[in-house]
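# Remarks on the overall topology
Spelled out from the first residue to the last, the chains are:
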Amino acid sequence: MSLDDFRTIIDKTKRTLTNVILHNQGEPTLNDKIFDMISYARSNRIRTIMSTNLTLFGEEVCEGIIKSGLDTLIASVDGVTEETYQKYRIGGHFEAVYRNLERLVEMKRRLRRRSPHIVWSFLIFKHNVHEVEEAARLAMDLGVEFFIQSAGLGGTIHPWQGDEKLKGEWLSTEEWVPRYFDYDPARGSICKGPCDWLWNSLVVFWDGTVSPCCFVDEERFSFGNILEDELCDIWNNEQYRAARSLFRRKWEQDTGEAVICNACRMFEKE
């Protein structure tokens, strides 16, 4: 996304926008204007959150993050040894990533900044579950928050359908592991209750394309384009109204607008 397009999007949404999450399915530090984007959002009193794998970091990147005014930085580090870290983060190096995390903490302290709030995010797999305790200890030593989440094998639109080989290779069976995704086809919806994305949030891709949530990434399922239309027009268009109707007992399969939300298994439809 260009900086000009980002500013246009912020200008169109800032009256109702409270938070902007600067990541979805890619690495945000690949964009050389990311710090300008953060600063522009912050100048409009919008809270900023960014997740990174910490692989492209150096002194300049660390300083840019700290000085940009970023509110929350999520560091994705899924292991504490090279063997476990590289099984999922292919091509990455734990020692380098951990050093970058240390560098961020040190620079934040040196510049006497209260932000960003730094969170070590640990995605749990079968191969790294035994390292959670050590990762939590390292996070405590650094003075950063530690957060764990179970891994999943697919999305909610087209969920994993029971490949036992993949399940046996990747997913932990430990009882204490929190499971936010359940891919059992017999269960029905994953979460009990309606979708809150359709009333609270939206996703904007690099070209302005609007998606109803972070699980929908195909342009053919777009709900509009924020660079071409106003937020209010998109927010109340036929696609959004049809999607919300799924949770209001008003959906008519034969006459309703066909939207991707109808195939989603994340939330319980009425």
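Okay, so let's go over this structure. Predicted model only: the values in this text are computed from it and were never measured. (Residues numbered from 1 in each chain as written. Predicted model: local features only at pLDDT ≥ 70, side-chain atom pairs only at ≥ 80, totals over all residues. Heavy atoms only, no water.)

The subject of this paragraph is the side chain of Asp71. Note on placement: Asp71 falls in the loop between helix H3 (59-68) and strand E3 (72-76). At 3.4 Å, the side chain of Asp71 forms a polar contact with the side chain of Arg42. Those residues in contact with Asp71, other than ones at most four positions away along the chain, are Arg42, Ile46, Arg47, Thr48, Ser115, Pro116 and His117. (Helix = DSSP H or I, 4+ residues; strand = E, 2+ residues; numbered from the N terminus. Polar contact = N/O pair within 3.5 Å; in protein donor to acceptor, adjacent residues only side chain to side chain. Contact = heavy atoms within 4.5 Å.)

Here we come to the sheet that holds strand E2 (residues 47-52). Pairing within the open sheet is parallel, and its five strands lie in the order E1-E2-E3-E4-E5. Each of the sheet's edge strands pairs with one partner strand only, and the pair in question is strand E1 (19-21) and strand E5 (145-150). Taken pair by pair, the neighbouring strands of this sheet meet at an average axis angle of 20°, ignoring direction. Taken strand by strand, helix H2 (residues 34-43) contacts E1 and E2, and its axis lies near 155° from that of E2. Each of E3 and strand E4 (117-124) touches helix H5 (residues 94-110); the most contacted strand, E4, lies at about 160° to it. (Pairing = 2+ DSSP bridges. Axes fitted to C-alpha atoms, helices over the stretch in contact; angles between N-to-C directions.)

In this section: the nonpolar core. Formed by 42 residues in total, the largest nonpolar core has its most connected members in Met50, Leu54, Ile65, Val77, Leu104 and Trp120. For this core, the elements supplying multiple residues, two or more each, are helix H1 (3-13), H2, H3, E3, H5, E4 and helix H6 (132-142). With seven residues, the top contributor of residues to this core is H5. When sequence neighbours within four positions are dropped, the list of residues in contact with Leu54 reads Ala75, Val77, Val97, Asn100, Leu101 and Leu104. (Core = buried A, V, L, I, M, F, W, Y, C linked by side-chain atoms within 4.5 Å. Buried < 20%, exposed > 50% of the residue type's maximum accessible area, 1.4 Å probe, protein only.)

Keep in mind these values describe shape, not function.
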